[in-house]
Amino acid sequence: MLTEKMAELKHRLIESATLVEYMIGKSVKGLLEKDEKLLKEVIEQDEPKANNFDRELDELCTVLIAQFEPVAKDLRTVLMILKMNKDLERMADHAVNISESGLFLIARPQLNPLEDIRGMAKATSSMLRNSIDAFIHEDARLARDVCEHDNIVDEIGERILAETTSFIRGEHDGVKRSLNLMRIAHNLERIADISTNICEEVIYIVEGKDIKHHKPEDPGEPEPGKGI
Amino acid sequence: MEQEIIIQIKGANSFYGPKQILRNVTLNIPVKTVTALMGPSGCGKSTLIRCFNRMNDLISNFRFEGKILYKGIDLYAKDVDITDLRREIGMVFQKPNPFPKSIYENVAYGVRIQGITDREFIDGVVEESLKKAALWEEVKDRLYESALSLSGGQQQRICIARALAVKPQVILFDEPCSALDPIATAKIEELITELKENYTIIVVTHNTAQAARVSNYTAFLYLGDLIEVGPTSRLFTVPQDKRTEEYLTGKFG
């Protein structure tokens, strides 16, 4: 009963994650390969599917809590799946933003070789993939690894920001293109950030530990009754 | 897709002497689903479930008005054979009530009273029924021991096997877990969920969590009125009637 329902819920979340991962890959590929069709597919076909997953998973979680009153690890899993669902829905929106800016950029002469965008997208996709793998295999170690890799994406993002700022200064013509490049970099950075959120959620499922907003050395509040 | 309805309750009123218990209850029971009848004590849920196989006939001052159609046949019509009816619509009670006989004889009972004596046939029915009741593995080596030697949960599953042996279409469960511990309860609930693949199940329970776990549809009764009925997933998340909401959130009952 509850076991089957939990398995179904996890399965649907993984399906949704697979779609979002595909959308992000497609939005960057569309930009790099100047493929208008791919970019339009993300906006017109994939996003409505992602929205359906969002609604369906919200409902599945609500009904499961109401009917089966999950506790302990089951409760942690349902609560975190609700959050991951929100995370995935946001990521799908970011993929749409990237596709929109991609459509603007591919219709115009290229400002720069886009190598940093390629590198940033690769690192971001790998973080997302690992965060979902960590969820599937309940692997808290992998989840922690992903959280530690967020700075790679941040560093490339900083570089893109500096480069595009210099474009804006030097070439009046390129302002709009530069802003769109920045938008793409920003959206990739958000996807990377949200991947770390998913990993924090996985750690909470597996270990019951909340590592959000905590520095690694933060010992947290002592539990009542301990050390008396 | 419209679901096939196996039992239709139309304007059911019932009385014990001058006291009215059910008030104009109209309800459809879809085939091969679990329908839970839920409500606080005195709401009429047990009276209603006992109307489905006319168990209330045994109470001298009981009176029923309205119609209950089983596959279109009026259960309260004069020419209905109650023994046939109870074979089609079996019942499992609150307290496990195996006969003081062997495990084998408990399950074989319903077949024997039909006059069947073919040993091989009866052996087959006993094995099949115990398997369907998820009890075969636990009792196959002790079929001739007394059913009273079993645990409460096993005794309840014997009663389920006994009901299944006469090949019913509908099984009524009247608070089937109220005398059982949590583990035995979980087994019965799991069994109910499995049985709905082949049988129509109606469960009376005052345990709202149990109604939520096992049923596809839930009907909420209060003071003899059917307040609300609907898919369990909907009723437990967005009940339409304020009284259902208040009952589910523990404000009364």
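Residues numbered from 1 in each chain as written. Chains lettered and ligands numbered in written order. Predicted model: local features only at pLDDT ≥ 70, side-chain atom pairs only at ≥ 80, totals over all residues. Heavy atoms only, no water.

1. Remarks on the overall build of chain B
At step 1: For chain B, the helix and strand inventory stands at 10 helices and 10 strands.
At step 2: On C-alpha atoms alone, chain B measures out to a radius of gyration of 18 Å, which is about the 18 Å that the 2.2 N^0.38 rule sets for 253 residues.
At step 3: Seen through its C-alpha atoms, chain B measures out along the principal axes to roughly 55 × 40 × 40 Å.
At step 4: Out of the 253 residues in chain B, the part that is buried amounts to 52%.
At step 5: When contacts within chain B are restricted to residue pairs at least 6 apart in sequence, those whose partners lie at least 24 apart make up 67%.
At step 6: Computed over 31 positive and 31 negative side-chain charges, the separation of the two mean positions in chain B equals 4 Å. (Helix = DSSP H or I, 4+ residues; strand = E, 2+ residues; numbered from the N terminus. Rg over C-alpha atoms; globule rule 2.2 N^0.38 Å. Buried < 20%, exposed > 50% of the residue type's maximum accessible area, 1.4 Å probe, protein only. Contact = heavy atoms within 4.5 Å. Lys, Arg positive; Asp, Glu negative; His and termini not counted. Charge placed at Lys NZ, Arg CZ, Asp CG, Glu CD.)

2. Let's talk about the side chain of A:Ser16
At step 1: Here A:Ser16 shows up in helix α1 (residues 2-32).
At step 2: Excluding its chain neighbours within four sequence positions, the residues that come into contact with A:Ser16 are A:Phe53, A:Leu57 and A:Leu88.

3. Side note on the interface of chain B and chain A
At step 1: Across the boundary between the two partners, chain B contributes 11 residues, which contact seven residues of chain A.
At step 2: Across the chain B-chain A interface, the total number found is zero salt bridges.
At step 3: Put simply, chain B and chain A have one residue pair in polar contact (both at pLDDT 80 or more) between them.
At step 4: The set of elements that each furnish at least two residues to the side of chain B that touches chain A consists of α7 (182-195), α8 (208-214) and α9 (232-235) of chain B. (Salt bridge = Lys/Arg side-chain N within 4 Å of Asp/Glu carboxyl O. Polar contact = N/O pair within 3.5 Å; in protein donor to acceptor, adjacent residues only side chain to side chain.)

4. A look at a negative patch on the surface
At step 1: A contiguous patch of negative charge, built from A:Glu4, B:Glu190, B:Glu194 and B:Glu197, is present on the exposed surface.
At step 2: Within the secondary structure, B:Glu194 sits in helix α7. (Patch = residues over 30% accessible without salt bridge, like charges linked within 9 Å, V, L, I, M, F, W, Y side chains within 5 Å. Areas by Shrake-Rupley, 256 points an atom, 1.4 Å probe, with all protein chains shown as cover.)

5. Quick word on a nonpolar patch on the surface
All names here are of chain A.
At step 1: Together, Ile65, Leu75 and Leu79 make up a nonpolar patch on the protein surface, roughly 200 Å² of accessible area in all.
At step 2: Residue placement: Leu75 occurs in helix α3 (residues 72-106).
At step 3: Classification of Leu75 as partly exposed rests on a relative accessible area of 32%.

6. Notes on the pairing of strand β1 (residues 5-16) of chain B
All names here are of chain B.
At step 1: Here β1 pairs with strand β2 (residues 19-30) via eight bridges, running antiparallel. When the sheet's bridge partners are listed, Ile9 is paired in β2 with Leu27.
At step 2: Here β1 folds back onto β2, and the loop between the two strands holds two residues, one of which, Gly17, carries a positive phi near 60 degrees.
At step 3: Pairing of β1 with strand β4 (residues 62-70) involves eight bridges; the strand directions are antiparallel. When the sheet's bridge partners are listed, Tyr16 is paired in β4 with Phe62. (Pairing = 2+ DSSP bridges.)

7. So, the packing of aromatic side chains
Residue and element names in this part refer to chain B.
At step 1: In total, this model carries six aromatic pairs over all chains according to the counting rule given.
At step 2: Aromatic pair Phe220 and Tyr247: ring centres 4.9 Å apart, planes at 20 degrees, arrangement stacked. On the criterion of sequence distance, the pair formed by Phe220 in strand β9 (residues 217-222) and Tyr247 in helix α10 (residues 242-248) is long-range, its members being 27 residues apart. Exposure class is identical for Phe220 and Tyr247. Each is buried.
At step 3: Taken together, the ring pairs in this structure connect Phe220, Tyr222 and Tyr247 into an aromatic cluster.
At step 4: The lysine or arginine in question, Arg54, covers the ring of Tyr76, its NZ or CZ lying 4.9 Å from the ring centre.
At step 5: Over the ring of Phe99 we find Arg162, and its NZ or CZ is 4.2 Å from the ring centre. (Phe/Tyr/Trp six-rings, centres within 6.5 Å; stacked < 30°, edge-to-face > 60°. Lys NZ or Arg CZ within 6 Å of the ring centre and 35° of its normal.)

8. Remarks on the environment of B:Asp57
Residues and elements named next belong to chain B.
At step 1: For Asp57, the location among the structural elements is in the loop between α1 (45-51) and β4.
At step 2: When the C-alpha positions of Asp57 and Leu143 are compared, they lie 34 Å apart, and in sequence the two are 86 residues distant.
At step 3: Setting aside anything within four residues of it in sequence, one finds Asp57 in contact with Tyr76 and Ile82.

9. Topic: the packing of helix α6 (residues 152-165) of chain B against α7(B)
All names here are of chain B.
At step 1: Look at α6 against α7: their axes get within 9 Å of each other, and the N-to-C directions meet at 20 degrees. Viewed along their axes, α6 and α7 adopt a mutual orientation that is roughly parallel. For the pair α6 and α7, the crossing hand works out as right-handed. Where α6 abuts α7, its residues Gly153, Gln156, Arg157, Ile160 and Leu164 lie against Ala184, Lys187, Ile188, Leu191 and Leu195. (Axes fitted to C-alpha atoms, helices over the stretch in contact; angles between N-to-C directions. Parallel < 35°, antiparallel > 145°, perpendicular 65-115°, else oblique. Left-handed = near helix turned anticlockwise from the far one by under 90°.)

10. A word on the sheet that holds strand β7 (residues 170-174) of chain B
All names here are of chain B.
At step 1: Pairing in this open sheet of six strands is mixed, and the strands run β6-β7-β8-β3-β9-β10 from one edge to the other. The open sheet has two free edges, formed respectively by β6 (89-92) and β10 (225-231), since each of these has just one partner strand. Adjacent strand axes in the sheet meet at a mean angle of 15 degrees when their direction is disregarded.
At step 2: Pairing of β9 with β10, which is carried by six bridges, proceeds in the antiparallel orientation. Opposite Tyr222, over in β10, you have Asp225 as the bridge partner.
At step 3: Against the sheet, α6 touches β6 and β7, its axis set at about 170 degrees to β6.

11. Details of the packing of helix α4 (residues 115-136) of chain A against helix α5 (residues 140-148) of chain A
All names here are of chain A.
At step 1: With their axes 8 Å apart at the nearest point, α4 and α5 run at an angle of 160 degrees to one another. Between α4 and α5, the crossing angle belongs to the class labelled roughly antiparallel. In terms of crossing hand, the pair formed by α4 and α5 is left-handed. Of the residues in α5, those touching α4 at Met127, Asn130, Ser131, Asp133 and Ala134 are Leu142, Ala143 and Val146.
At step 2: For the contact of α4 with α5, the residue count by class is five nonpolar, two polar and one charged. (Nonpolar A, V, L, I, M, F, W, Y, C, P; charged D, E, K, R; others polar.)

12. Description of the pattern of salt bridges
All names here are of chain A.
At step 1: Tallied over the entire structure, the rule returns 33 salt bridges over all chains.
At step 2: Between Arg12 and Glu15 there is a salt bridge whose closest N-O contact spans 2.3 Å. With Arg12 and Glu15 both in helix α1 and three residues apart, this pair spans about one turn of that helix.
At step 3: Classification of Glu15 by relative accessible area gives partly exposed; the value is 30%.
At step 4: Where Lys26 meets Asp46, a salt bridge forms, and the shortest distance between an N and an O atom there is 2.9 Å.

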